[in-house]
2 protein chains.
Amino acid sequence: MTRPKLIDVAKKAGVSATTVSRVINNYGYLSEKTKSKVFAAMEELNYQPNSLARSLHGKATKLIGVIFPTITNPFFAELIEEIEKACFADDYKLILCDAGYNAQKEKNYLKMLQANQVDGIIAGTHNLGIEDYNKSGLPIVAFDRNLSDQVPIVSCDNFSGGRLATSELYQAGCRHIFFLGSANVANNLHPTNSRLEGYLDFIDSVGLTRHVHSVAYSESAAVKKAIIKEILQKHTVDGIVCTDDLTALLVIQISQQMGLQVPQDVKVVGFDGTNFLQTYHPELTTIAQPIPEIAKLLVTLLQERINDPHQPLKQKRYELPVKVIRSTTSM
Amino acid sequence: MTRPKLIDVAKKAGVSATTVSRVINNYGYLSEKTKSKVFAAMEELNYQPNSLARSLHGKATKLIGVIFPTITNPFFAELIEEIEKACFADDYKLILCDAGYNAQKEKNYLKMLQANQVDGIIAGTHNLGIEDYNKSGLPIVAFDRNLSDQVPIVSCDNFSGGRLATSELYQAGCRHIFFLGSANVANNLHPTNSRLEGYLDFIDSVGLTRHVHSVAYSESAAVKKAIIKEILQKHTVDGIVCTDDLTALLVIQISQQMGLQVPQDVKVVGFDGTNFLQTYHPELTTIAQPIPEIAKLLVTLLQERINDPHQPLKQKRYELPVKVIRSTTSM
DNA sequence: TTGTAGGCGTTATCAC
DNA sequence: GTGATAACGCCTACAA
């Protein structure tokens, strides 16, 4: 029992293949009778048009590739889930490309996406250079990363976020405020570095001392814990700006293990503000990214690129506002 | 600058299309000279074979659909990520079908997957009935759900897990042990119900009183919190078996809000044991599912179905062992 | 309002 | 060893 094709439907409905195709695509003139006959036949055979054959004709595949480092981080999970919702509404299917922190894997995925004729790509990784993406020749939008002049970037307002986090701690009385997280000052390709800049800007503006401790985002939790422990042991710290919520959780965890009281001895601010963290860690003060808005914008921009790939970018960079989620427990 | 095709490579290499195809598929006799000429041309043009056209010819699409309720739950996220790894190793790409708890959405995704000629499906939802899946005519394997006689089920040993969780609490001295989570005794389609059976089995074996409180898995955290609060207020409780770790976190959260000490006043055991929870909540005792093994088995079984769709199932049900992850803090 | 014919990019079956 | 050529399932001028 092989999958039925257009011609089977046509035979069953007693019409030609063309007519069936017209019904499917709602194209040209058709009598109501014919339509219903065809629909009935399709129903009866549980017919699904072969999307491969349609796309071979230049029709869109309605497939888009989403390249992110992982889905096990609640932030990415929620972002991808929102992207999925926005896409589903427009009949786009997602090919999930979990690239890890692995350039080779990302490269392979890029090739596969090309081979599968995806209509476009949403990229949220930082493994590959511009060239590979340019070579693909596909419409692309990027989350939180600078790919090339032809690729629009969507991110939250990282600078304000970093500044805001620092100012929250300052206002809560902290005077020894540390910055902990991914910061690669040498690499201006990464908008996330603006979080550090926001921190520095505020620290300088109130005349405090800068304390920057950098840990790669991709680093294991075990390493992060060790770094946190070292910071807390060796320095006078009363506030920590973390560049993501999970790192903030680790800070709280380690502090407690060391007998430090949060927020009495040390206060913590996170970054991202996922639903997950708001639900399971309402005690954490954090800078929330507008995840659904980011997702919608990414999808909208990608659709524009898909519909008109050669139009110059109206805008290269989109920064969406962050907001503080305050809790009295971590601060 | 349109994407190059087979014929372009052929021209550039000075050979026929057939030869190029042979090189790509490593098929038939070919001189080394020809091969290298063709490879060079492919490289130069950054040629990617159009996978649509190949599949139209009967070749596998190397696409598989994964249907799960969400990726924002760390358990599903980690399971899907492990599935992705196993698939990537065999050149399979994943179409992510985030079906929520929505039968209609799942139905639509099923149709799309058919239309896209996926090679197979891994299903982990509980929205749709057997018929819809049978109609699809696609090779399917299911996670933790009974779909039909033709669909193999992989799950962890839920019964032992439920029993183990209960016995852990008992051994820690609890005598008023409650069961909290998804349990639909009327519906034996759901292997997860075995967790309840394991609980009941142990409770009966030691002569304690059964206390079963059922909350749908799909219920919001807010509702779950309200239910937990009610249980803790109205009953004498010294131990709670939760059917998933996130619910267990809520129990701890609510207990603390109510001034109850965990584990002195009430002890909690979770279920799932993701890396995420082990990292960010090492204090939680839980029954861990063997996520990587489940993922690998799902993919292996699916590949068998794909390669030989009509072979009767060697085995219908696969139950992988669980293990306790003990912590002294939640118990 | 409906049907015929050619083609999308690739593979496979023939010949040469 | 290599090259024509007919499919694969569908879409779309062009006819009728």
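First, a word on scope: everything that follows refers to the structure included in this document. The structure displayed is predicted, hence computed values, not measured ones. (Residues numbered from 1 in each chain as written. Chains lettered and ligands numbered in written order. Predicted model: local features only at pLDDT ≥ 70, side-chain atom pairs only at ≥ 80, totals over all residues. Heavy atoms only, no water.)

1. Regarding the packing of helix 1 (residues 6-13) of chain A against helix 2 (residues 17-25) of chain A
When two helices pack together, their arrangement is captured by the angle between the axes and the distance separating the axes.
Residues and elements named next belong to chain A.
Phase 1 of the analysis: In contact at an axis separation of 8 Å, helix 1 and helix 2 are set at 105° when each is read in the N-to-C sense. It follows that helix 1 is roughly perpendicular to helix 2 by the angle criterion. For the pair helix 1 and helix 2, contact is made by L6, I7, V9 and A10 and by A17, V20, S21 and I24, respectively.
Phase 2 of the analysis: Tallied by class, the residues present in the contact of helix 1 with helix 2 amount to seven nonpolar, one polar and no charged. (Axes fitted to C-alpha atoms, helices over the stretch in contact; angles between N-to-C directions. Helix = DSSP H or I, 4+ residues; strand = E, 2+ residues; numbered from the N terminus. Parallel < 35°, antiparallel > 145°, perpendicular 65-115°, else oblique. Contact = heavy atoms within 4.5 Å. Nonpolar A, V, L, I, M, F, W, Y, C, P; charged D, E, K, R; others polar.)

2. Structural notes on the protein's contact with DNA strand D
Phase 1 of the analysis: Around DNA strand D, 24 residues are found, and the nearest of them are K5(A), L6(A), R54(A), T19(B) and R22(B).
Phase 2 of the analysis: A share of 61% of the atoms of DNA strand D within 4 Å of the protein falls on sugar and phosphate groups.
Phase 3 of the analysis: Interatomic distance of 2.4 Å between a side-chain N/O atom of K5(A) and a phosphate oxygen of DNA strand D.
Phase 4 of the analysis: Secondary-structure elements contributing two or more residues to the surface near DNA strand D are helix 2 and helix 4 (51-56) of chain A together with helix 2 (17-25) of chain B.
Phase 5 of the analysis: A total of four residues in the surface near DNA strand D trace back to one element, the largest contributor, which is helix 2 of chain A.
Phase 6 of the analysis: In the surface near DNA strand D, the residues fall into eight nonpolar, eleven polar and five charged. (Near = heavy atom within 4 Å. Polar contact = N/O pair within 3.5 Å; in protein donor to acceptor, adjacent residues only side chain to side chain.)

3. Notes on the protein's contact with DNA strand C
Phase 1 of the analysis: Lining the immediate surroundings of DNA strand C are 24 residues, of which T18(A), T34(A), H57(A), K5(B) and L6(B) lie closest.
Phase 2 of the analysis: Sugar and phosphate atoms represent 60% of those atoms of DNA strand C found within 4 Å of the protein.
Phase 3 of the analysis: A distance of 2.4 Å separates a phosphate oxygen of DNA strand C from a polar atom in the backbone of L6(B).
Phase 4 of the analysis: In this structure, a phosphate oxygen belonging to DNA strand C sits 3.2 Å away from a side-chain N or O atom of N25(B).
Phase 5 of the analysis: Taken together, the elements giving at least two residues each to the surface near DNA strand C come down to helix 2 of chain A together with helix 2 and helix 4 (51-56) of chain B.
Phase 6 of the analysis: A per-element tally of the surface near DNA strand C places helix 2 of chain B first, with four residues.
Phase 7 of the analysis: For the surface near DNA strand C, a count of residues per class yields eight nonpolar, eleven polar and five charged.

4. As for the sheet that holds strand 3 (residues 120-123) of chain A
Phase 1 of the analysis: A sheet is described by the order of its strands in space; here twelve strands give the open sequence 11(A)-5(A)-4(A)-3(A)-1(A)-2(A)-2(B)-1(B)-3(B)-4(B)-5(B)-11(B), paired in mixed fashion. The open sheet terminates on both sides in strands that have one partner only, identified here as strand 11 (317-320) of chain A together with strand 11 (317-320) of chain B. Each adjacent strand pair in this sheet contributes to an overall mean axis angle of 25°, direction not counted.
Phase 2 of the analysis: One ladder, built from four bridges, connects strand 5 (residues 153-156) of chain B with strand 11 of chain B; its direction is parallel. Opposite C156(B), over in strand 11 of chain B, you have L320(B) as the bridge partner.
Phase 3 of the analysis: On top of the sheet, helix 13 (residues 291-307) of chain A reaches strand 1 (63-68), strand 3, strand 4 (140-143), strand 5 (153-156) and strand 11 of chain A; it is set at about 160° to strand 4 of chain A, its chief contact.
Phase 4 of the analysis: Helix-sheet contacts for helix 6 (residues 103-115) of chain B involve strand 2 (93-98) of chain A together with strand 1 (63-68), strand 2 (93-98) and strand 3 (120-123) of chain B, and the interaxial angle to strand 2 of chain B is about 155°. (Pairing = 2+ DSSP bridges.)

So yeah, pure geometry; function would need other evidence.
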